[in-house]
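Single-letter residue listing:
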Amino acid sequence: MSAPLHTRTHPAATGGAGTRLPWWALALPAVAFVALLLLILNPADAQAAGSDPAYLHLLERARELVQH
């Protein structure tokens, strides 16, 4: 004996919670990403910058991982 299927005739209630994000929910992570990317590309602007740029270390590490 099969059970009857219940289909919804009305969309589910959201309970007042909106599905749209506010503008800052996308803008703040994007700004943080760009700021960190600029620090990696130009470490002279960072106060704790070493002598070698960070992207050279990243490229060297990527090269080592590809070779193995």
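Computed from a predicted structure; not experimentally measured.

1. A look at the pattern of salt bridges
Link 1 in the chain: For the structure on display, the rule yields two salt bridges.
Link 2 in the chain: We note a salt bridge from Glu-60 to Arg-63, for which the minimum N-O separation is 2.4 Å. Separated by three residues within a single helix, Glu-60 and Arg-63 lie in helix H2 (residues 54–67), roughly one turn from each other.
Link 3 in the chain: The class for Glu-60 is partly exposed, based on a relative accessible area of 33%.
Link 4 in the chain: Judged by relative accessible area, Arg-63 falls into the partly exposed class, the value being 39%.
Link 5 in the chain: Salt-bridge contacts for Arg-61 lead to Glu-64; the nearest nitrogen and oxygen are separated by 3.7 Å. Residue Arg-61 and its partner Glu-64 are both found in helix H2; the two are separated by three residues, about one turn of the helix.
Link 6 in the chain: The exposure class of Arg-61 is partly exposed, given its relative accessible area of 47%.

The rules we used
Residues numbered from 1 in each chain as written. Predicted model: local features only at pLDDT ≥ 70, side-chain atom pairs only at ≥ 80, totals over all residues. Heavy atoms only, no water. Salt bridge = Lys/Arg side-chain N within 4 Å of Asp/Glu carboxyl O. Helix = DSSP H or I, 4+ residues; strand = E, 2+ residues; numbered from the N terminus. Buried < 20%, exposed > 50% of the residue type's maximum accessible area, 1.4 Å probe, protein only.

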